[in-house]
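# Structure assessment
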Amino acid sequence: MSAHTSTSGNALADELGVTRAAVWQQVERLRLMGVEVLADEEGYRLKYPFTPLDAGTIAAAAGPSVQVSLVESTDSTNDDMLAWLGAGETVDRRLLIAEFQRNGRGRRGGHWLAAPGSAISMSYGVSFLQTPPDLACVGLVGALAVRRAVIAVTGRVPQVKWPNDLMLDGAKLAGILTEMRGELNGACSLVIGIGINCLPLPDAEVRLGRAVASLANVEEVRTSSGPAGLEHQPIDRNRLAGTVARTLGEMLAGLAADGFGSFLTEWRRADALRGQTVRVTTEPPPAGPHAEGHVEGRVEGLSETHSSVQGEVLGVAADGGLKLLTEDGPRTLYSGHVVLPGAV
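Here goes a summary of the coordinates provided. As the structure is a prediction and not an experimental result, all values here were calculated from the model. (Residues numbered from 1 in each chain as written. Predicted model: local features only at pLDDT ≥ 70, side-chain atom pairs only at ≥ 80, totals over all residues. Heavy atoms only, no water.)

A cis amide bond links Trp 162 with the next residue in sequence, Pro 163, at an omega value of 5°. Relative to the elements of secondary structure, Pro 163 occurs in the loop between β8 (159–161) and β9 (165–168). Phi at Asp 169 takes a positive value of approximately 55°, unusual for a residue other than glycine. (Helix = DSSP H or I, 4+ residues; strand = E, 2+ residues; numbered from the N terminus.)

This is the structure we're talking about:
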């Protein structure tokens, strides 16, 4: 099944060696998973072109220092990599990427939704013999690394939303979840989960309750053929994933050597919040098996229970804190969820 021509149910049944009813059941299963399958009088076709992930192509873009592992599906790439650590394996400069992630996790206990073949769902590992002083800034640097890769591969220029989201046209394009194992003042390993929306996910905004962006329209070109005169070219997920891994490794080395201050100018250029009046909500660290090792930092002046503070964003400090001008004066926050005007 392709995005360019329709294939009849009978032809698919013959090719797969199954009944016509089984083809229909599989099409419905794909739709339930979020894959957009169109049907017309000639048969079925995909709404968007699909290019499978390929470990060799990803590795070529990532460079020789990165070890790439590709799986068809998993519950969570972060969970898998954390399990490697628990079994005594190294995760340093390792990339684990899945074509489909059944139970991807986001910050604050949220879920990352993505249909098979529609996104990049990956985890990158890095180990340090000594914990970097600016450990709490790993998520910020991760967001900048993903931004650099997106620009290099697609030409699209997203903004960064403190602490570690990427925004495109005011909607969330990508997110990062960083988890740590080890000693805060000694050797430690980080698992950095990254999700990037490459194609739209049906009903995603309704299910998540917020605006959702994707890279699909980066490759959308007007032609004389195809539905509505539009042809969707596939996003090069292989090159993008490899470029993210290579860029992230380089920038994390820079963070360990020079601190977050060396990235401050780049953050300011990409800052989606500077000058906006926002509300920052905080909550206790997550409970359960994933509570240990979340790299979040602290919140000065706020309690450990659910709290919120409102003010104008002045920018980001050299240590990664969010500078806010509130009614009570300037404050610097080191953890929390930023709610934009009009959002819930």
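That was the structure; now back to the text.
Further remarks concern the pairing of strand β7 (residues 119–128). In terms of burial, β7 is a largely internal element, nine of the ten residues being buried. Of the pairings in the sheet, the one linking strand β4 (residues 94–101) to β7 comprises five bridges and is antiparallel in character. Following the sheet pairing, Leu 95 is matched in β7 by Tyr 124. Pairing of β7 with strand β11 (residues 188–197), which is carried by ten bridges, proceeds in the antiparallel orientation. Looking at the pairing, Ala 119 lines up with Asn 197 of β11. (Buried < 20%, exposed > 50% of the residue type's maximum accessible area, 1.4 Å probe, protein only. Pairing = 2+ DSSP bridges.)

On to the packing of aromatic side chains, then. All told, the structure shown has one aromatic pair when counted by the stated rule. Look at Phe 260 and Trp 267: their rings are 6.5 Å apart centre to centre, the planes differ by 65°, and that puts the pair in the edge-to-face class. Using a relative accessible area of 0% as the deciding quantity, one classes Phe 260 as buried. In this structure, Arg 94 is placed above the aromatic ring of Trp 84, and the distance from its NZ or CZ to the ring centre is 4.0 Å. (Phe/Tyr/Trp six-rings, centres within 6.5 Å; stacked < 30°, edge-to-face > 60°. Lys NZ or Arg CZ within 6 Å of the ring centre and 35° of its normal.)

The next thing to look at is the side chain of Asn 164. As for its position among the elements, Asn 164 is in the loop between β8 and β9. Overall, Asn 164 belongs to the buried group, its relative accessible area being 7%. At 3.3 Å, the side chain of Asn 164 and the backbone oxygen of Ile 176 are in polar contact. (Polar contact = N/O pair within 3.5 Å; in protein donor to acceptor, adjacent residues only side chain to side chain.)

Attention now moves to the packing of helix α5 (residues 138–154) against helix α7 (residues 237–258). What describes two packed helices is the angle between their axes and the distance between those same axes. Interaxial distance between α5 and α7 falls to 8 Å at its minimum, and their mutual angle equals 140°. Classified by the angle their axes make, α5 and α7 are oblique. α7 is crossed by α5, and the crossing has right-handed handedness. Contacts between α5 and α7 involve Val 138, Val 141, Gly 142, Leu 144, Ala 145, Val 146, Arg 148, Ala 149, Val 150, Ala 152 and Val 153 on the former and, on the latter, Arg 239, Leu 240, Thr 243, Val 244, Thr 247, Leu 248, Met 251, Leu 252 and Leu 255. Across the contact of α5 with α7, the residue classes tally to 15 nonpolar, three polar and two charged. (Axes fitted to C-alpha atoms, helices over the stretch in contact; angles between N-to-C directions. Parallel < 35°, antiparallel > 145°, perpendicular 65-115°, else oblique. Left-handed = near helix turned anticlockwise from the far one by under 90°. Contact = heavy atoms within 4.5 Å. Nonpolar A, V, L, I, M, F, W, Y, C, P; charged D, E, K, R; others polar.)

Our next topic: the packing of helix α3 (residues 55–62) against α7. For the pair α3 and α7, the least separation of the axes is 7 Å and the interaxial angle reads 40°. One element, α3, and the other, α7, form an angle in the oblique class. Crossing handedness for the pair α3 and α7: right-handed. The residues of α7 that touch α3, namely those facing Thr 57, Ile 58, Ala 61 and Ala 62, are Asn 238, Arg 239, Ala 241, Gly 242, Thr 243, Ala 245 and Arg 246. Among the residues forming the contact of α3 with α7, the class breakdown is five nonpolar, four polar and two charged.

Applying the stated criterion to the full structure yields eight salt bridges. Here Asp 165 and Lys 172 are joined by a salt bridge, their closest N and O atoms 3.4 Å apart. Look at Lys 172 and you get buried, because its relative accessible area is 16%. (Salt bridge = Lys/Arg side-chain N within 4 Å of Asp/Glu carboxyl O.)

Every buried residue of helix α4 (residues 77–86) is listed here: Thr 77, Asn 78, Met 81, Leu 82, Trp 84 and Leu 85. Buried residues of α4, viewed axially, fall in a sector of 150°; they line one side. You can read the cap of α4 off the contacts: a side-chain oxygen lies 3.3 Å from the backbone nitrogen of Asn 78, and it is on Ser 76. Positive phi appears at Gly 88, one or two residues downstream of α4, with a value of about 90°. (Arc of directions from axis to C-beta.)

As defined by bridge partners, strand β14 (residues 277–282) adjoins strand β15 (residues 307–316) across six bridges and the pair is classed as antiparallel. Each bridged residue has a counterpart across the sheet, and for Val 278 the counterpart in β15 is Gly 311. Pairing between β14 and strand β18 (residues 337–339): three bridges, direction antiparallel. Bridge pairing in β18 links Val 280 to Val 338.

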